[in-house]
Amino acid sequence: MAELVARTPCAGLLPIAGGGVRVTEVDPGPMTAIAPFRGKEKTLAGALKRAHGVGWPAPGQSEASGDLRILWFGHSHALLTGVAPKPTLANHAALTDQGDAWAVVQVEGAGTRDVLARLTPLDLRDGAFPVGACARSEVQHMQAAILRVAGDAYRVMVFRSMARTLVHDLQVAMRGVAARG
Amino acid sequence: MRIPCPICGSRDIREFDYMGHAQALDRPDPGAGAQAWDDYLHNRDNPAGPTRDLWFHGMGCGAWLVVERDTVSHEVTGATLARDVKGGAA
Amino acid sequence: MRFSGLRVLTEGLTGNRGWRPHWRDPDPRPEYDIVIIGGGGHGLSTAYYLAREHGLSNIAVLEKGYIGGGNVGRNTTIVRANYGLPGNSEFYSHSLKLWEGLEQELNYNVMMSQRGVLNLCHSDGQRDAFARRANAMVNQGDDAILLDRAGVRRLVPYLDFDNIRFPIYGGLYHPRGGTARHDAVAWGYARGADGRGVDIVQNCEVTGIDIDNGRVTGVQTSRGAIRAKKVGIVVAGRSGQVAAMAGMRLPVESHILQAFVTEGLKPVIDHVVTFGMGHFYISQSDKGGLVFGGDLDFYASYAQRGNLPMQEHVMEAAMTLMPVIGKARVLRSWGGIMDMSPDGSPIIDRTHIDGLYLNCGWCYGGFKAVPASGNCFAHLIAQDRPHPAATRFRLDRFRTGVGLMDEEGTGAQHNLH
Amino acid sequence: MRLDKPGQIDRTQPLSFTFDGREYSGFAGDTLASALIASNVRVVGRSFKYHRPRGVFTAGSEEPNALVTIGQGAAAEPNLRATTSELCEGLVARSQNRWPSLDYDLLALNDLFAPFLGAGFYYKTFMWPAKLWERLYEPFIRRAAGLGALSGAPNADHYEKAYAHCDLLVIGAGPAGLMAALAAGRAGLDVILADEDVRTGGRLNAERIEVDGRPGADWAETVTDELRGMGNVRIMTRTTVTGAYDGGTYGALERLSPEVAARTGAPRECFWRIATRRAILAAGALERPVAFRNNDRPGVMMAGALRAYVNRWAVSPGKTVTVFGNTDDAHRTAADLLAAGVHVAALIDARPEAGTDLPVRFYAGAQVVNAHGRGGLEAISIATLSGIDKVQTDCLAMSGGWNPTLHLTCHMNGRPDWSPALAAFVSRDGAVPGLLTAGACRGDFSTHGCLAGGLAAAKAVLKDLGKRARATDLPVAEDAPYRISPLWAVPGKGRAWLDFQNDVTVKDVKLAATENYSSVEHMKRYTTQGMAPDQGKNSNVNALAVLADATGRGIPETGTTTYRPPYVPVPIAALGAGAQGAGFAPQRFTTSHDLSVEMGAPMVEAGLWYRPGWFPREGEKTWRQSCDREVGMVREAVGVCDVSTLGKIDVQGPDAPAFLDLLYTNMFSTLKVGRARYGLMLREDGHVMDDGTTARLGAHHYLMTTTTAAAGQVMKHMEFVHQCLAPQMDVSFISVTEQWAQFAVAGPKSRDLLNGILDDPVDGDSFPFMACGAVSVMGVAGRLFRISFSGEHAYEVAVPARYGDSLFRLLVDRAGELGGGAYGMEALNVLRIEKGFITHAEIHGRTTAFDIGMERMVSAKKDCIGKAMAARPGLSGPDREQLVGLVPTGAVKKLTAGAHLFDAGAEAVRKNDQGYITSAAFSPTLGHFMALGFLKDGRARHGEEIRMVDHVRQIEARCRVVDPVFFDPEGGRARG
């Protein structure tokens, strides 16, 4: 019997490199949006800590514990990645599977910030966007999330359907940065 | 122009959508009558000077904001989450 | 003084000493039959037609700055009659006919250039919507041609037919549409009105509207009180403020619309071209500058200037549609204040105050409306009943829902039209 | 000619270039202008209106005359300033606005007709006969006007946009800007120092001025080196800050150096959006000309520019130079020329009290009244108390004083103030929030003034931002006072130019005043003064002064026109970078895209998405053949269609039912778990916003669908309703459009197909019409909905998007085995029209629930968005156009969308208009065309014969009004 074969959002598009920057596709594992029910914010934070060892992220922040991360992801929700949420969390929050909704790429290398400066209006200076910071913003004209995972490494997420556009835009920016030497 | 999103901090207006005056928060009762609904949906003070209007941080956190702004100078003096404004009024 | 080639010649030969002011600068008199608030294109044409068609001359146009300093002096100069809905259809048709004789009527060359307006469509659905609009134009007696892709290519071969993000399916071509020299329209009407006895009073700001017992009696101004039997408000982006002087709250929100011009170039764009997916429209002025614009900045504003996101969006539309102009350089950007109405269509109506009339809500379609707006507003003021071409521009249509003219179909949000 | 002195050029690097086809050479460090001057090229362009020969006039971006086209083929760029174009090997430049050649320009005839071509002449003529305007006058004017020409080829170069963020943006890297950046950088601020020149230093590169006892340019170099060493300071040369925008946002245009721009992938120019907390404008000042007869002759140029050419580029535009001015700068110019060994024939100072120690022929209290020499300056006439002196000269340097470069302070509607002491406008503090001015652009013209001003501005910024300034010594430099005696226009006969580029003379401004274009804005618009590429940088103040004089007002009372962005012209390609071709908007691809393309389906834009139009099979020559076959497949076997682009929104929370009740006209709180229901959504103004089915997955859990087109709008609307109208509701929602790949499986054999892939087969009892629920698709957790947009027995099956490609391939394969296959948008459209289902062709923003026959869906039991306004009298009733079906009854069998409807026999004019067609298609099921449309009082007119007229497609047909559901009106096929 046939079976369904999984394809990643950037299959066939990555990796690419240039301008001191390398872009690879990341498989963050399961991704679940968590939106607390009204008045359940505190109990949810406790349940998260017990279930997965991370707290509720402050706006613009993320928390990591091993391969597991929780990202602040909007005015009313966070994104748990790297682990499927324990079902008990559903007592405190709406859980929605987002594991197939996003293309996730890692952009790293010395020129990363120059490349991203060509794509997003976000202030990525160290003071404004330290390691661990997570923002929703735009990348070119796409809704995006940007997470800083290390000094010169950022994760960029856009909707799955826009993976090609993201890779193309990164490529053009990388060429421009590379050419300046 | 930049808007101080209470959640995300100062952001370029390109991340936001504009709706209009914050009077849109004050939806009349269903039976308030034609004039009340006309005033709500159509008629505007349209001030030349300070105003409060509604912006949606669509490319950011997704929050609706009440922004205090001047329509002549474009100065932005503050922003509050619409749900908080609404909560305060209730 | 009548203008002609011969006059230019004789003046040139005699040292150009014979030229005279094109309009007077009178001090305001204490009383007029009619006071028009607003010395823009619409106000000046209203005064002109009041004098020309209704035999009235005891009229003042009060302008707080210099005449023609508002939107008539800061638009992208497009003239067209390509609307789809009843109300707009007959009105803009009327306006275009007035445009077509305007130079001769005013004895002032407003450089009305019927070079054709082309709207591009980018899907089957858009094409069908264009067909509907085009048929409405023909029903009205105006000209419309539905072009397929090949037809568009013949007309404007320099578009990027092969790589554009939203392919060009075809277009609605309106040959009688075109452009005009915007400032000259204001000046031509001013000269025509002045010549018929109208007082054009510049630097005269209206600060109050006098109302006695439900009837207007005059206005207060920075140059003193002026009595008037009838008062017309024609102040575009300032409509809200002026109407508030009469205790009215209008269905108008003022928004900024930017426009752009490049350095002078040899002829490259011969028509007016409009990009259906990007809110981008462009023509080339007789001086050679590419004149173009896009959508509103979207936030309420009185600043006559805009910001970068919309500028960039407009230029991005230009680059996907016609990369042939990529190396043209933007010389200047500016903004006008648009009186946005909830359905994107204007208001020419009486008010609840006797003798007080309102002309507003032009959104960003006001320039092409200048002749008919003045013509119809003059008719309303002089005869107290609407001109047949403007019967639907009622103020109460939003409350009743009767006769809404939402061409864009975007609903009652002022900035979406 | 090249002077025998060092200058800032590299003589070891000669560069060859051509101008109008002739070969010349210069050196690295030259601009095109300095290299042309070195090569004794005097005429570089023609003026706009009179086509007068013109020479290099300035040394900066304000240049009005030396505009050239550089490059060849698609790379050719018109209207570039030779004065700021870096020379590079092989550069190809051409002059503009002349025919057939720069030396012999036919339209130079215009100059002879000048008496007839004064300000606004065209408003007074070309009116008769009316038809000739478009045919004769305008084409001639258009060809004569304009400057350079575009290449005619699409842009083939790369341009770029980028963002930058800093604490302090310093605009201008002259003495003031360098000092400001130094102090701020040392104190630890993030600083961007931008300058439009290729190097820092500003006027220090152009003058023989010492700072701290050494050449100013050396001092600038040292400071620049220190700044480069700081991690917190970024120096952006070749970068012109073009505009000040709200909230501390600035636009800046960076030109890449020719050698970088030549590399693969490199941009030519980059447009920066800089967000900063504070800014210091240290943009210097622009020297202004004096208007006198024939002051536009090639060889007449600005004195400050001449000093730059002599001192920086070691070139002199003349062998015998004269200098004319009304400040000490005239003397400085003469001194620099003498120091460089250039002969100075005369120094003319308009100030009667002036004196000089320089060994030159000196005139005090005198004025140049005429410039002689048609193709280039040969002599000047000087009016003295004793009469007219004629002096032979091939170059006149003039200086009418300096205008602070305050343009950016006007970009937010700030108006400058007149300073009688400087005889110039100065900016008002606070004109741009967060921006301070320093140095010459503040009116401090001495080097000391600039250095001190820069330092003071930096200190003010540091204090404001709560940072401590580190000790920074103020270097020692000259502090000469600025003494000016205003001189705008020398009285006399003939034409004296104000706006060189647009050929506006003193006479034109006076004529404008005579004709009552006496407001400065009217004068500008009537004469076109200030509207040329230099935007009045060289002419505004002089023209204003002439207007003030002509109207008997002072300069402050006359006012100014305003400066608007950009400060220098910006290519459309830079501001629109990234958008050429497909870059204008993101492209969204479904998981079925690859297979659809493999199958040869034309992919059609649907919003940002791409969807297949149809799937051609062998032997099918037209889209209609494929479409008809696909419709038949669905009606008779099974079809598969990707519907993932429809918006899917997951709604959860205890108040989810109440929230949906508020959102939709109909009830969702009463929907059973495991069932789906069609919903209609209104805008608050009572018109239809969107429609779609919503499934109830749990007591507090729904899955909404929206149309593809309205997905984003609906999501935003829901956020508005929740956050702004009903924040008390405990509900949350999130888009899951991208999470699921969803396929419609439609047709009598749809269940057979599905049961082949579902781990637990479904039947009519377990999965009746409008059922929904979780299923297992070959081991993958999916969802199944029994909903139909075709009117057939149909399902939509959803799996996580990673499996979309795989599932689609499988479904298409299996469908093929059952006599079906994939179907595209065209078939989908025909199927839904046959069923009378609406799309945005019908709900186009002006339709009400009443119009589409759904007014009964507006529940009377509850409030909903749009309910109150939908009750307005104008939104329902017999005057409204209502949804109907139409079938052809006459000889013409085709119906077309966009056609209008009329009573049979009525003339097809607006007054008789009864409605229009929104959707039309050939129905292979029915065997004839069918259409949906809106007809006045249409529901009462079923059976009536009417007339359809499509003027623009030249189709007219008789048709009958019928119910909009053409096929299976009882709906038995979908339910069965």
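Residues numbered from 1 in each chain as written. Chains lettered and ligands numbered in written order. Predicted model: local features only at pLDDT ≥ 70, side-chain atom pairs only at ≥ 80, totals over all residues. Heavy atoms only, no water.

## Digging into the environment of Leu 54 of chain B
Residue and element names in this part refer to chain B.
Inference 1: Topologically, Leu 54 is positioned in strand β4 (residues 50-56).
Inference 2: A relative accessible area of 0% places Leu 54 in the buried class.
Inference 3: Between the alpha carbons of Leu 54 and Val 85 there is a distance of 11 Å; along the sequence they are 31 residues apart. (Helix = DSSP H or I, 4+ residues; strand = E, 2+ residues; numbered from the N terminus. Buried < 20%, exposed > 50% of the residue type's maximum accessible area, 1.4 Å probe, protein only.)

## What about the packing of helix α3 (residues 88-100) of chain C against helix α10 (residues 366-383) of chain C?
The geometry of a pair of packed helices is captured by two quantities: the angle between their axes and the separation between those axes.
Residues and elements named next belong to chain C.
Inference 1: Interaxial distance between α3 and α10 falls to 8 Å at its minimum, and their mutual angle equals 95 degrees. When the axes of α3 and α10 are compared, the pair comes out roughly perpendicular. On α10, the residues touching Phe 91, Tyr 92, His 94, Ser 95, Leu 98 and Trp 99 of α3 are Phe 367, Lys 368, Ala 369, Val 370, Pro 371, Ala 372, Ser 373, Asn 375 and Cys 376.
Inference 2: In terms of residue class, the contact of α3 with α10 is made up of 10 nonpolar, four polar and one charged. (Axes fitted to C-alpha atoms, helices over the stretch in contact; angles between N-to-C directions. Parallel < 35°, antiparallel > 145°, perpendicular 65-115°, else oblique. Contact = heavy atoms within 4.5 Å. Nonpolar A, V, L, I, M, F, W, Y, C, P; charged D, E, K, R; others polar.)

## A short note on the sheet that holds strand β5 (residues 67-70) of chain D
Residues and elements named next belong to chain D.
Inference 1: Read across the open sheet, the five strands follow the order β2-β1-β7-β5-β6; overall the sheet is mixed. Both outer strands of the open sheet, β2 (22-28) and β6 (77-81), are each paired with one neighbouring strand and no more. Shown here is a sheet whose adjacent strand axes are inclined to one another by a mean of 40 degrees, direction ignored. (Pairing = 2+ DSSP bridges.)

## Regarding the interface of chain C and chain D
Inference 1: Listed per partner, the contact involves 115 residues of chain C and 124 residues of chain D.
Inference 2: Between chain C and chain D, roughly 9,700 Å² of surface is buried when both sides are summed, and carbon and sulfur atoms account for 54% of that area.
Inference 3: It is Arg 165, Lys 327 and Arg 329 of chain C in chain C that bury the most area against chain D; as a group they hold 10% of the surface buried on that side.
Inference 4: Across the pair Asp 183 of chain C and Arg 525 of chain D runs a salt bridge, and its minimum N-O distance is 2.8 Å.
Inference 5: Where chain C touches chain D, the interface holds 77 residue pairs in polar contact (both at pLDDT 80 or more).
Inference 6: Among the elements of the structure, α1 (5-13), α3, α4 (102-106), α5 (124-140), α7 (182-195), α9 (308-321), β16 (329-340) and α11 (397-400) of chain C are those that each provide at least two residues to the side of chain C that touches chain D.
Inference 7: No other element matches the 11 residues that α5 of chain C contributes to the side of chain C that touches chain D.
Inference 8: Grouping the constituent residues of the side of chain C that touches chain D by class yields 49 nonpolar, 35 polar and 31 charged.
Inference 9: Across two bridges, the pairing between β16 of chain C and strand β31 (residues 570-571) of chain D is antiparallel. (Buried area = accessible area lost by both parts, 1.4 Å probe. Salt bridge = Lys/Arg side-chain N within 4 Å of Asp/Glu carboxyl O. Polar contact = N/O pair within 3.5 Å; in protein donor to acceptor, adjacent residues only side chain to side chain.)

## Points about the pairing of strand β14 (residues 280-284) of chain C
All names here are of chain C.
Inference 1: Most of β14 is tucked away, with five of its five residues classed as buried.
Inference 2: The side-chain alternation of β14 yields two buried faces, one formed by Phe 280, Ile 282 and Gln 284 and the other by Tyr 281 and Ser 283.
Inference 3: In textbook terms, the turn of a hairpin is the stretch between consecutive antiparallel strands, and for strand β13 (residues 272-275) and β14 this stretch comprises four residues, one of which, His 279, has a positive phi near 45 degrees.
Inference 4: Here four bridges tie β14 to strand β15 (residues 290-300), and the two strands are oriented antiparallel to one another. In the strand pairing of β15, Gln 284 is matched with Leu 290.
Inference 5: The antiparallel hairpin formed by β14 and β15 contains five residues in its connecting segment, where Gly 288 sits at a positive phi of about 110 degrees.

## Things to note about the confidence of the model for chain D
Inference 1: Residues of chain D with pLDDT of at least 70 account for 100%, and the chain-wide mean is 97.
Inference 2: Two numbers describe this predicted complex: its pTM, 0.98, and its ipTM, 0.98. (pLDDT = per-residue confidence, 0-100.)

## Description of the nonpolar core
Nonpolar side chains tend to gather and get buried jointly when the protein is soluble and globular.
Inference 1: Ranked by internal contacts, the top residues of the largest apolar core, which has 171 residues, are Phe 91, Trp 99 and Tyr 108 of chain C together with Phe 19, Leu 32, Phe 292 and Phe 324 of chain D.
Inference 2: For this core, the leading source of residues is α10 of chain C, giving nine residues.
Inference 3: The contacts of Phe 19 of chain D, once residues within four sequence positions are left out, are Tyr 24, Leu 36, Val 41, Val 43, Val 44, Val 68, Ala 93, Arg 94, Ser 95 and Leu 102 of chain D.
Inference 4: Among the nonpolar cores identified, the runner-up in size contains 58 residues, and Val 21, Cys 134 and Val 158 of chain A together with Ile 734 of chain D belong to it. (Core = buried A, V, L, I, M, F, W, Y, C linked by side-chain atoms within 4.5 Å.)

## Some remarks on helix α11 (residues 520-527) of chain D
Inference 1: Burial analysis of α11 of chain D places eight of its eight residues in the buried class, the great majority of the element.
Inference 2: For α11 of chain D, the complete set of buried residues consists of Val 520, Glu 521, His 522, Met 523, Lys 524, Arg 525, Tyr 526 and Thr 527 of chain D.
Inference 3: Looking at the buried residues of α11 of chain D, the elements they touch are α7 and β16 of chain C together with β30 (504-505), α10 (506-514), α12 (540-551) and α13 (555-558) of chain D.
Inference 4: Of the residues trailing α11 of chain D, Thr 528 of chain D is marked for its positive phi of about 70 degrees.

## Looking at the pairing of strand β15 (residues 269-281) of chain D
All names here are of chain D.
Inference 1: Of all 13 residues in β15, 11 are buried, a share of seventy percent or more.
Inference 2: Pairing analysis gives 11 bridges linking strand β8 (residues 160-171) to β15, with the strands arranged parallel. Residue His 165 lies in a different strand from β15, and its bridge partner there is Ala 275.
Inference 3: Note that strand β14 (residues 249-255) and β15 share seven bridges and pair antiparallel. When the sheet's bridge partners are listed, Arg 255 is paired in β15 with Glu 269.

## Quick notes on the domain arrangement of chain A
Residues and elements named next belong to chain A.
Inference 1: Each domain of chain A was delimited in the assignment, giving domain 1 (16-27 + 100-180) and domain 2 (31-97).
Inference 2: For domain 1 versus domain 2, the separation of C-alpha centres amounts to 24 Å.
Inference 3: Facing 12 residues of domain 1, the contacting portion of domain 2 comprises 10 residues.
Inference 4: In this assembly, domain 1 packs against domain 2 so that about 920 Å² is buried in total across both faces, 62% of it on carbon and sulfur atoms.
Inference 5: Scanning the region where domain 1 abuts domain 2 turns up zero salt bridges.
Inference 6: One can count three residue pairs in polar contact (both at pLDDT 80 or more) joining domain 1 with domain 2.
Inference 7: Among the elements of the structure, β8 (102-108), β9 (134-139), β10 (142-150) and β11 (153-159) are those that each provide at least two residues to the side of domain 1 that touches domain 2.
Inference 8: Tallied by class, residues from the side of domain 1 that touches domain 2 come to nine nonpolar, one polar and two charged. (Domains from an automatic or database assignment.)

## Focus on the interface of chain D and chain A
Inference 1: Opposite the 56 residues of chain D that make contact, chain A presents 45 residues.
Inference 2: Between chain D and chain A, the buried area comes to about 4,200 Å², and carbon and sulfur atoms account for 53% of it.
Inference 3: Per-residue buried area on chain D facing chain A is highest for Tyr 163, Glu 738 and Arg 802 of chain D; these three make up 16% of the total on that side.
Inference 4: The interface formed by chain D and chain A holds nine salt bridges in total.
Inference 5: In this structure, the salt-bridge partner of Arg 118 of chain A is Glu 160 of chain D, at a minimum N-O distance of 3.0 Å.

## Some points on helix α9 (residues 447-464) of chain D
All names here are of chain D.
Inference 1: For α9, built from 18 residues, the straight-helix expectation of 26 Å at 1.5 Å per residue is met to within 8% by its first-to-last C-alpha distance of 26 Å.
Inference 2: Those residues of α9 that fall on the buried side of the exposure criterion are Thr 447, Gly 449, Cys 450, Leu 451, Gly 453, Gly 454, Leu 455, Ala 457, Ala 458, Val 461 and Leu 462.
Inference 3: Where the residues of α9 are buried, they touch β8, α4 (175-186), β10 (210-211), α5 (216-228), β15 and β28 (435-437).
Inference 4: One or two steps after α9, the chain reaches Gly 466, where phi turns positive at roughly 70 degrees. (Expected span 1.5 Å × (residues − 1).)

## Points about a positive patch on the surface
Inference 1: Taken together, the side chains of Arg 17 of chain C together with Arg 293, Lys 493 and Lys 507 of chain D define a basic patch exposed on the protein surface.
Inference 2: Summarising the element assignment, Arg 293 of chain D is placed in the loop between β16 (285-287) and β17 (300-302). (Patch = residues over 30% accessible without salt bridge, like charges linked within 9 Å, V, L, I, M, F, W, Y side chains within 5 Å. Areas by Shrake-Rupley, 256 points an atom, 1.4 Å probe, with all protein chains shown as cover. Lys, Arg positive; Asp, Glu negative; His and termini not counted. Charge placed at Lys NZ, Arg CZ, Asp CG, Glu CD.)

## Quick notes on the packing of aromatic side chains
Inference 1: A complete count under the given rule lists 51 aromatic pairs over all chains for this structure.
Inference 2: On the basis of an interplanar angle of 10 degrees and a centroid distance of 6.3 Å, the ring pair of Phe 129 of chain A and Tyr 154 of chain A is categorised as stacked. Of this pair, Phe 129 of chain A sits in the loop between α2 (112-116) and β9 while Tyr 154 of chain A is found in strand β11, placing the two residues 25 residues apart along the sequence. Comparing Phe 129 of chain A with Tyr 154 of chain A, the two get one shared label, buried.
Inference 3: Ring geometry for Phe 589 of chain D and Tyr 610 of chain D: centres 5.3 Å apart, planes at 15 degrees, overall stacked. (Phe/Tyr/Trp six-rings, centres within 6.5 Å; stacked < 30°, edge-to-face > 60°.)

## Regarding the side chain of Asn 82 of chain C
Inference 1: Within the fold, Asn 82 of chain C resides in the loop between β3 (78-79) and α3.
Inference 2: For Asn 82 of chain C, a relative accessible area of 1% translates into the label buried.

## Notes on the packing of helix α2 (residues 41-54) of chain C against α7 of chain C
All names here are of chain C.
Inference 1: For the pair α2 and α7, the least separation of the axes is 8 Å and the interaxial angle reads 30 degrees. Like other packed secondary-structure pairs, α2 and α7 cross with a definite hand, here left-handed. Here Leu 44, Ser 45, Ala 47, Tyr 48 and Tyr 49 of α2 come into contact with α7, specifically with Ala 186, Tyr 189, Ala 190, Gly 192 and Ala 193.
Inference 2: Looking at the contact of α2 with α7 residue by residue, the classes come out as eight nonpolar, two polar and no charged. (Left-handed = near helix turned anticlockwise from the far one by under 90°.)

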